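# Structural overview for review
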Amino acid sequence: MIITVTLNASVDKAYTISGSVEPGSVMRVIGCRNSAGGKGLNVARVASLCKVPVKATGIVGGYNGDYLLELLEHDGVAHDFFHVDGETRSCINILTEDNTSTEFLEPGFEVTEAEQREFLNFFRNVIQEGSIVTISGSVPVGFGKGIYADLIKIAKKANKLVLLDTSGEYLKAALAAKPDLVKPNREELEDLFGCKIDSIGDVKIWAQKLHDMGIKYVLISLGSDGAVLVCDEGVYHGKPGKIKAVNTVGCGDSMVASYAAALEMNKASKDCLSYAVAVSAANALSIRTGYFEQENLETILDGVTVSRI
C-alpha cells in the first residue's frame, strides 16, 4: 500500500472563465469544480487510478477539513487524517479559455507545538500498513524546516520506501535524511544548487549530484520534455509524444503517484520512468487536477521514448 502525506491540505476550487484575468474588474465564472487539494492528495487520487492500494493521511481542521474528507470519500480514496483546531485552507485556480492558469494559495492554519508532537506519534502508527510513503507539498505554519527530515527518518526506521516532493528549505533540510526518491522540477533544481540549467545535459549533471548524496532515485520533471531519472542503473530521459495540454496543474504530483505505483508493482527503473511520464502527460489532458483517463494513458504510453543519456 502507498501512504500519501499532505501536511498542508486544502479545498481546491478550479474556476473556468472566458477571456483573460482582468485585475480590478468583476470576473464571471462559467464553471467551478471543488476537489480535495494539496499535492499529496493529488498523489492519492492518481495512485488510486493506477489501481494500487492507497491511503491518504496528513492534517486537516475545521469545517473545511470535514468538507475535504467528504470530497475524498466521493473520490473513493481511503483516508486517515490527524485533526487540529485550525481551519483547512482553500486554494483557487483560475483557468482561461487559452489554457493559462492563475493560482491563489492560502497559507493555511498554524499547528501548535502540542499538536506537532501528537501528529508525529499519529504518523508512526498510520504508516505501518504501507510499504511506500509519499510526502508532498508545503508545510503549515508552526512546523520547523526539518519536519520532512523527521518524517523521513520515522518512515525509514519502519522500513518504508520514502518519496519526497517539496522545494526550498524543506527540501534542503530533508536531503540529509536520504529519502529514496526526490522529484524537483527544473526551477527547484536550480534553486537547490544556485545553478542555471539550459539543457538536458545540465539536468543530468545536477541530478547526479543528488544521487551522489545517497538518493536512490532522482526524478527531475521537465514539463513537455518529460523527465530525467538518475538511479543506480544509469541516467535516462523519458519523453512523451506531443500532446495538447488542457490543465498542467497536478502533473508533477501525477508523476510522483505513478512512479510510486510502478514501484509498488515491482517495475524496473526504466519502466517506472516510462509509466510516470505517460501518467503525468495524461493528467495534462484532463481539466480535473490529479486525474487521468485510462484511454489517454494507454495512447500516450505507446508513444513514450526512454533513452540513456
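Shown above is the structure to which this text applies.
Okay, so let's go over this structure. Every value quoted in this text rests on a predicted model; they were computed, and no experiment measured them. (Residues numbered from 1 in each chain as written. Predicted model: local features only at pLDDT ≥ 70, side-chain atom pairs only at ≥ 80, totals over all residues. Heavy atoms only, no water.)

### A look at the packing of aromatic side chains
Within this structure, the stated rule accounts for eight aromatic pairs. Taking NZ or CZ as reference, Lys267 lies 5.6 Å from the ring centre of Tyr275, over its face. The ring of Tyr291 is capped by Arg288, whose NZ or CZ atom sits 4.0 Å from the centre of that ring. (Phe/Tyr/Trp six-rings, centres within 6.5 Å; stacked < 30°, edge-to-face > 60°. Lys NZ or Arg CZ within 6 Å of the ring centre and 35° of its normal.)

### A closer look at the pairing of strand E2 (residues 10-17)
Here E2 runs beside strand E3 (residues 29-37); their pairing, made up of eight bridges, is antiparallel. In the strand pairing of E3, Thr16 is matched with Gly31. Note that E2 and strand E7 (residues 89-95) share seven bridges and pair parallel. Following the sheet pairing, Asp12 is matched in E7 by Cys91. (Pairing = 2+ DSSP bridges. Helix = DSSP H or I, 4+ residues; strand = E, 2+ residues; numbered from the N terminus.)

### Things to note about the side chain of Arg89
Within the element layout of this structure, Arg89 appears in strand E7. Despite its burial, Arg89 pairs with no opposite charge, the nearest such side chain being Asp12 at 6.3 Å. Among the polar contacts made by the side chain of Arg89, one reaches the main-chain carbonyl oxygen of Glu106 at a distance of 2.8 Å. Non-local contacts of Arg89, meaning those with residues more than four positions away in its chain, are made with Asn8, Ala9, Ser10, Val11, Asn64, Leu105, Glu106, Pro107, Gly108 and Ser138. (Buried < 20%, exposed > 50% of the residue type's maximum accessible area, 1.4 Å probe, protein only. Lys, Arg positive; Asp, Glu negative; His and termini not counted. Salt bridge = Lys/Arg side-chain N within 4 Å of Asp/Glu carboxyl O. Polar contact = N/O pair within 3.5 Å; in protein donor to acceptor, adjacent residues only side chain to side chain. Contact = heavy atoms within 4.5 Å.)

### Some remarks on the sheet that holds E2
Pairing within the open sheet is mixed, and its four strands lie in the order E3-E2-E7-E8. At either end of the open sheet lies a strand with only one pairing partner, and these are E3 and strand E8 (101-105). For this sheet the average axis-to-axis angle between neighbouring strands, irrespective of direction, equals 20°. Across the face of the sheet, helix H2 (residues 62-75) comes into contact with E2, E3 and E7 while running at roughly 90° to E3. (Axes fitted to C-alpha atoms, helices over the stretch in contact; angles between N-to-C directions.)

### Focus on helix H6 (residues 186-193)
Burial in H6 covers these residues: Leu189, Glu190 and Leu192. One side of H6 holds all its buried residues, which, seen down the axis, span an arc of 160°. Turning to H6, the residues buried within the fold contact helix H5 (168-174), helix H7 (200-212) and strand E12 (217-221). Among the residues of H6, the N-terminal cap falls to Asn185, whose side-chain oxygen and the backbone nitrogen of Glu187 are separated by 3.1 Å. After H6 finishes, the residue Gly194 shows a positive phi value of roughly 65°. (Arc of directions from axis to C-beta.)

Read these as spatial facts, not as claims about activity.
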